[in-house]
Structures are given as structure tokens and as C-alpha cells.
Amino acid sequence: MTILVTGGAGFIGSNFVLDWLAQSDEPVVNLDKLTYAGNRENLADLEGDPRHRFVQGDIGDTALVQRLLAQHRPRAVLNFAAESHVDRSIHGPEDFIQTNVVGTFRLLQAVRAYWSELPDSDKTAFRFLHVSTDEVYGSLGPTDPAFTEAHRYEPNSPYSASKAASDHLVRAWHHTYGLPTLTTNCSNNYGPYHFPEKLIPLTIVNALAGQPLPVYGDGQQVRDWLYVRDHCAAIRRVLQAGQPGHTYNIGGLSERTNLDVVRQICALLDELAPAPQRRVAHARTGQSITNYAELITFVADRPGHDRRYAMDIRKIQRELGWQPAETFDSGLRKTVQWYLDHPQWVQRVQSGAYREWIARHYG
Ligand code: NAD
Ligand code: DAU
């Protein structure tokens with residue numbers, strides 16, 4: 001038995017592959033295009049491991065996907081591959097449509113052709129699991145109840161619109177063709193291997209470098225944070241016992257304002273890597289800093305910025321018995337410690353392309 005994972009060199013995909021092979025000997029074929037967000041270094045621990053087969057390629061490359069399916073005959077395909085950064089989708093939506101919509105469509109077509117030729121028992125057992133986001137549901141007011149699986153789709157950014165479109169394709173491929181699909185809609189993840197364009201890793205790496213910690217608008221937007229390994233466990237559980245055609249909300253039950261998140265990271269760094277001991281100076285002024293919170297800088301808001309996300313996870317709790325193991329406090333501490341322990345990983349991902357993005361986006 002084998003599974004095919006797409007996007008397995010990205011943040012969540014690489015955590016998933018590492019966790020999967022830590023708990024099972026079932027081989028993984030890992031198809032990843034290695035965009036700026038894909039990083040083979042995340043998978044360095046699997047170097048030479050015969051259970052992991054890495055293939056650089058595009059989910060939209062039908063001939064390649066067909067070849068991989070025919071060659072490895074997976075019992076499941078898990079689709080993590082996507083363009084995932086909201087701010088990049090605002091600067092340039094084209095790649096998001098190409099990968100998240102057209103790519104998912106082509107992947108579904110190739111998988112359907114493979115699945116339809118399987119013997120009956122394999123056909124029944126086969127699963128296509130699509131990894132999606134809470135952002136498809138739009139934005140909540142401060143006292144609105146959390147999103148359930150029945151919430152209307154109201155995507156507001158080019159990213160969330162492209163993910164919503166992909167979710168609809170997956171739904172239709174189940175409804176029309178009977179493909180045994182599962183869709184997971186998850187809240188904001190954080191943890192090891194998170195690319196430092198996203199709020200939590202950006203705050204950690206900027207703070208350690210004495211760079212400003214950019215907070216959009218008033219910093220009162222709310223996200224529901226989930227430690228990435230809890231997300232991986234939820235996906236494994238949905239794959240194992242989820243009902244074909246169903247969607248499952250996944251979340252951390254940890255709503256926080258962005259400003260609180262940034263302040264909590266600063267407090268953890270003050271404890272674990274005090275700025276005076278590291279001689280951190282403000283990169284703009286050259287002045288030594290005593291607390292990392294001195295670097296907090298309010299900047300222009302994200303256009304169309306969703307105010308609040310929150311997930312109602314009662315379905316996955318009730319039906320599949322999953323719930324987050326980490327609290328935000330325990331998960332954030334582990335995450336900050338991971339970045340402190342991996343300065344070379346951070347240095348290497350901050351390539352020329354990364355610096356260009358930071359300069360372009362933050363000015
Ligand atoms: P990421 O940007 O870190 O990684 C995406 C990976 O997909 C990269 O390795 C990239 O090289 C690969 N990729 C991109 N285009 C591809 C293509 N055309 N063909 C093959 N591979 C391609 O993203 P992530 O944060 O790990 O997110 C993974 C999935 O989870 C995405 O579908 C995202 O929408 C979803 N999701 C993310 C979060 C989050 O907080 N990060 C929360 C909920 C859902
Ligand atoms: O909710 C799930 C989604 O979470 C995933 O589907 C996306 O792939 C993932 O990128 C993430 O999207 P967000 O836009 O919520 O994540 P990001 O880390 O970019 O931003 C988190 C919040 O912090 C958001 O309200 C914007 C704000 N922010 C972000 C950055 C990068 C800032 O205030 N300053 C920043 O510099």
C-alpha cells in the first residue's frame with residue numbers, strides 16, 4: 001500500500017510526511033513542484049529512506065500524474081499542493097488560479113481515470129483527500145458563532161476564492177462521478193518549517209534580527225491557531241475513518257488577536273533568547289533593544305482583510321474522536337524553540353527571492 005501526497009515539501013505537507021513515516025511504514029510518493037515555498041531540506045531526515053519517493057513536478061502535469069498513479073498504484077491521494085499566501089495572492093493572483101483551481105481540476109481528472117479502473121474492492125477503499133482552509137467561509141463578526149461545515153462559502157481574497165473553487169470541484173467530482181473524496185477545512189497552522197512570510201515565523205525571525213515586527217491595521221484581527229502536528233493527526237484520522245463526500249472542520253480552539261500573538265512571541269523570546277544577551281539592535285535605528293516588543297510596528301492593513309475566523313470542530317470531535325493535543329501556549333513555545341534551534345534553516349530560506357518579497361511587500 002502506498003499514498004501519494006502532493007505539496008509534501010511545503011510547511012504542512014512536509015510535517016505530514018515526516019509524521020506519517022514516523023508512525024507507519026506505508027510508503028509515500030511525494031509530488032511537489034518546489035516553488036519558493038517548497039523546500040527539500042524540510043525532508044532531510046528522510047534522505048535515503050526507501051519509504052519516501054520524492055518527485056519534483058506539477059499537479060497540473062497530467063502525464064506525470066498519470067505515470068505516478070500507474071507506477072505506484074496508491075490507495076489514497078492527499079492534496080496539500082497550493083499557493084498558500086494571501087498577501088501574494090493580492091499582488092499576483094494568476095499562480096493561485098493556475099495551481100489551486102486548474103491544478104486541482106487536472107489532478108482530480110487524472111485520479112478519477114485511475115480510480116475508475118481499479119478493481120471493485122480497491123475502488124471502494126480509495127480516497128482523495130483535499131486539504132483546504134477556513135478562509136473559504138469568509139469573515140466573522142466579534143460575537144458570531146464559529147464556522148460549521150454548513151456555513152455558506154463567502155471567500156474574500158483571491159487565495160480563498162481559489163481554494164473555494166477547488167473545494168467545489170472536489171465536491172462535484174464526488175457527487176457526479178462518485179470519486180470517494182474527503183475535504184478538510186482547517187484554521188491557521190503554526191510550527192516547525194513554517195515559511196517566514198507568514199505572521200508567526202516572520203515575527204520570530206524578524207525579532208531575532210532586530211527588524212520591525214509588522215502588524216497590519218489595528219492588529220485586532222482574530223485567527224484560530226492550530227499546531228501543525230495536530231493538523232497532521234486530524235488528516236490521518238479523516239483519511240482513516242472520514243465518510244466519503246464529507247467535509248470536516250479542523251481548528252485549535254485558540255482564538256487570538258494578531259497583536260496578542262506577536263506580543264506573546266516577544267515575551268517568549270525575552271525569556272528564551274533575551275535581546276540584551278544577543279546584543280540585538282533595532283535594524284533601522286541601530287539602538288540596542290531590551291525587549292522584543294519594542295520592534296512592533298503598525299503598518300498599512302491588508303486589502304479586504306478578514307476580521308475573524310473561528311472553527312466549530314464538533315463534527316470531527318464527535319464522529320472521529322479527534323481534538324487538538326497542544327494548547328496555543330505549549331505549541332507556540334515549541335515553535336519559538338524550534339526556530340532558535342534551526343538558525344541555518346532560517347538563513348537558507350531567506351534567499352534572494354525571499355528578500356525580494358519582503359522588500360516588495362513591506363517597502
Ligand atoms: P506552503 O505554501 O508552505 O506549501 C505548498 C507546497 O505546495 C510547496 O511545497 C509548493 O512547492 C507546492 N506546490 C505549489 N504549487 C504546486 C503545484 N502546482 N504542483 C505541485 N506542488 C506545488 O503551504 P502550506 O501552508 O503547507 O499549506 C498546505 C495546504 O494546506 C494548502 O492547500 C493550504 O491551502 C492548506 N492550508 C494551510 C493552512 C496554513 O495555515 N498554512 C491552513 C489551512 C489550510
Ligand atoms: O486560516 C487559514 C489560512 O491561514 C491558510 O489557509 C493560509 O494558507 C495561511 O497562509 C493562513 O492565512 P492568513 O492570512 O491568516 O495567515 P498570515 O500568517 O499571512 O496572517 C495571519 C494574520 O496576521 C492575518 O490577519 C494577517 C496578519 N499579518 C500577517 C503578516 C504576514 C500581519 O499583521 N502582519 C504580517 O506581516
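Before reading further, recall that the structure is shown in the block above.
Residues numbered from 1 in each chain as written. Chains lettered and ligands numbered in written order. Predicted model: local features only at pLDDT ≥ 70, side-chain atom pairs only at ≥ 80, totals over all residues. Heavy atoms only, no water.

> What's the story with the pattern of salt bridges in this structure? I'm lost.
Proximity of charged atoms lets side chains of opposite charge pair with each other. All told, the structure shown has 17 salt bridges when counted by the stated rule. Here Arg51 and Asp25 are joined by a salt bridge, their closest N and O atoms 2.9 Å apart. Residue Arg51 is found in the loop between strand E2 (28–32) and strand E3 (52–56), and its partner Asp25 is found in the loop between helix H1 (11–23) and E2; the two are separated by 26 residues along the sequence. Two residues, Arg333 and Glu271, come together in a salt bridge whose shortest N-O distance is 2.9 Å. You can see Arg333 sitting in helix H12 (residues 328–341) and its partner Glu271 sitting in helix H9 (residues 258–272), a full 62 residues away along the chain. (Salt bridge = Lys/Arg side-chain N within 4 Å of Asp/Glu carboxyl O. Helix = DSSP H or I, 4+ residues; strand = E, 2+ residues; numbered from the N terminus.)

> Would you take a moment to explain the site of ligand 1 for this structure?
Within the structure, ligand 1 sits among 28 residues, and Ile12, Asp32, Ser84, Tyr159 and Lys163 are positioned closest to it. Note that a nitrogen atom of ligand 1 is positioned 3.0 Å from one of the side-chain N or O atoms of Asp58. A distance of 3.1 Å separates an oxygen atom of ligand 1 from a polar atom in the backbone of Phe80. Alone, ligand 1 offers 840 Å² of accessible surface; in the complex the protein occludes 96% of this. Mapped by element, the contributors of at least two residues to the shell around ligand 1 are H1, strand E5 (127–133), helix H6 (158–177) and strand E7 (188–190). In terms of residues, the shell around ligand 1 owes the most to one element, E5, which gives 3 residues. (Near = heavy atom within 4 Å. Polar contact = N/O pair within 3.5 Å; in protein donor to acceptor, adjacent residues only side chain to side chain. Areas by Shrake-Rupley, 256 points an atom, 1.4 Å probe, with all protein chains shown as cover.)

> Would you mind showing me how to read the sheet that holds E7 here?
An order of E7-E9-E11 is seen for the 3 strands of this open sheet, with the pairing classed as mixed. In this open sheet, the two strands that pair with only one neighbour each are E7 and strand E11 (255–257). Strand after strand, the sheet turns through a mean of 50° between neighbouring axes, direction not considered. The sheet contact formed by E7 and strand E9 (residues 222–227) spans 3 bridges and is parallel. If you follow Tyr190 over to E9, its bridge partner there is Tyr227. Packed onto the sheet, helix H8 (residues 228–241) meets E7 and E9 and runs at close to 70° relative to E9. (Pairing = 2+ DSSP bridges. Axes fitted to C-alpha atoms, helices over the stretch in contact; angles between N-to-C directions. Contact = heavy atoms within 4.5 Å.)

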